[in-house]
Amino acid sequence: MLAAHNISLSTRLAGVSAAFRAGEVTAICGPNGAGKSTLLHVLAGLLAPDTGGVRLDDAPLSQYPAQKRAQMIGFLPQSAEIAWDLRVDALVALGRLPFRDQDQTAVDAAIAAMELAELRHRPVMQLSGGERARALMARVLAGAPRWILADEPLANLDLAHAAALMGKLRIQADAGVGVVLVMHDLAAAMNFADRVLVLDRGQVAAEGPPDEALAADVIAQVWRVRAMWLGEVGARALAIS
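Please read these numbers as outputs of a predicted model, since none were measured by experiment.

**Student:** Help me understand unusual backbone geometry, please; the structure alone is not making it clear to me.
**Tutor:** The phi angle of most residues is negative, glycine excepted, and most peptide bonds adopt the trans form. Not every positive phi belongs to a glycine, and Glu-115 is a case in point at roughly 55°. Tracing the backbone shows Glu-115 in the loop between α4 (104–113) and α5 (129–142). For Arg-224, which is not glycine, the phi torsion reads 60° and is therefore positive. Along the chain, Arg-224 falls in the loop between α9 (216–222) and β11 (227–230).

The following block contains the structure:
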């Protein structure tokens, strides 16, 4: 389990507590500035909270050596910068750095999972935004982490690749990996997530199964719009009036 207890960080988070379970896809949703990305960075150990703490497997995350933490947690930031114009396969192989090995099987599997085989020898700077996003996710998958923390992983992806990525993340969760995603797409969160955590102005506004955490009254309170869900479970669309 990955748990945050009473996390506060300047004006961005105020006493946030939440538990994330392995084997589940959890979506963190909320308006702009709600503290979603900040919470994800705290969960990854990249930001130290002013108060509270994060525990991983009943031990404080801060007690894990940096290498061990990197082996256990795969982190995909919202806007990842690529400093060098590496080939795609070299970028994906960076996911093995915490293990200090060159596990080509893991790299090849990650490239195949993100449908990058035809692009593996292409320089990253020559990729489209969506192709680059897939390459960065492949780098995370190459490390075979126990936890995947991704900030807006569907950004820049077309409909087909977005659906394919959510399917692959579901496979990861079914294999026991904990998947935590910051998402603005409420329909995707409703249809794919096991649980949803809604943040509003640095605090938890709702938490639970998608149909409860993203109920129309919650959306009205947090996003301040009138909305209703249409369609069947697993294929719902959000209509805003």
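**Student:** I tried to follow the pattern of salt bridges on my own but got confused; where do I start?
**Tutor:** Pairing is possible between side chains of opposite charge, provided their charged atoms come close. Tallied over the full model, the rule gives 9 salt bridges. Between Asp-174 and Arg-170 there is a salt bridge, with the nearest N and O atoms lying 3.7 Å from each other. With Asp-174 and Arg-170 both in helix α6 (residues 159–174) and 4 residues apart, the pair spans about one turn of that helix. A salt bridge links Arg-201 to Asp-200; its shortest N-O distance comes to 3.6 Å.

**Student:** It is not clear to me how the side chain of Ser-8 should be interpreted in this structure. Could you clarify?
**Tutor:** In this structure, Ser-8 sits in strand β1 (residues 2–9). For Ser-8, the contacting residues outside a window of four places in its chain are Leu-13, Ala-14, Gly-15, Pro-49, Asp-50 and Thr-51.

About the criteria used
Residues numbered from 1 in each chain as written. Predicted model: local features only at pLDDT ≥ 70, side-chain atom pairs only at ≥ 80, totals over all residues. Heavy atoms only, no water. Helix = DSSP H or I, 4+ residues; strand = E, 2+ residues; numbered from the N terminus. Salt bridge = Lys/Arg side-chain N within 4 Å of Asp/Glu carboxyl O. Contact = heavy atoms within 4.5 Å.

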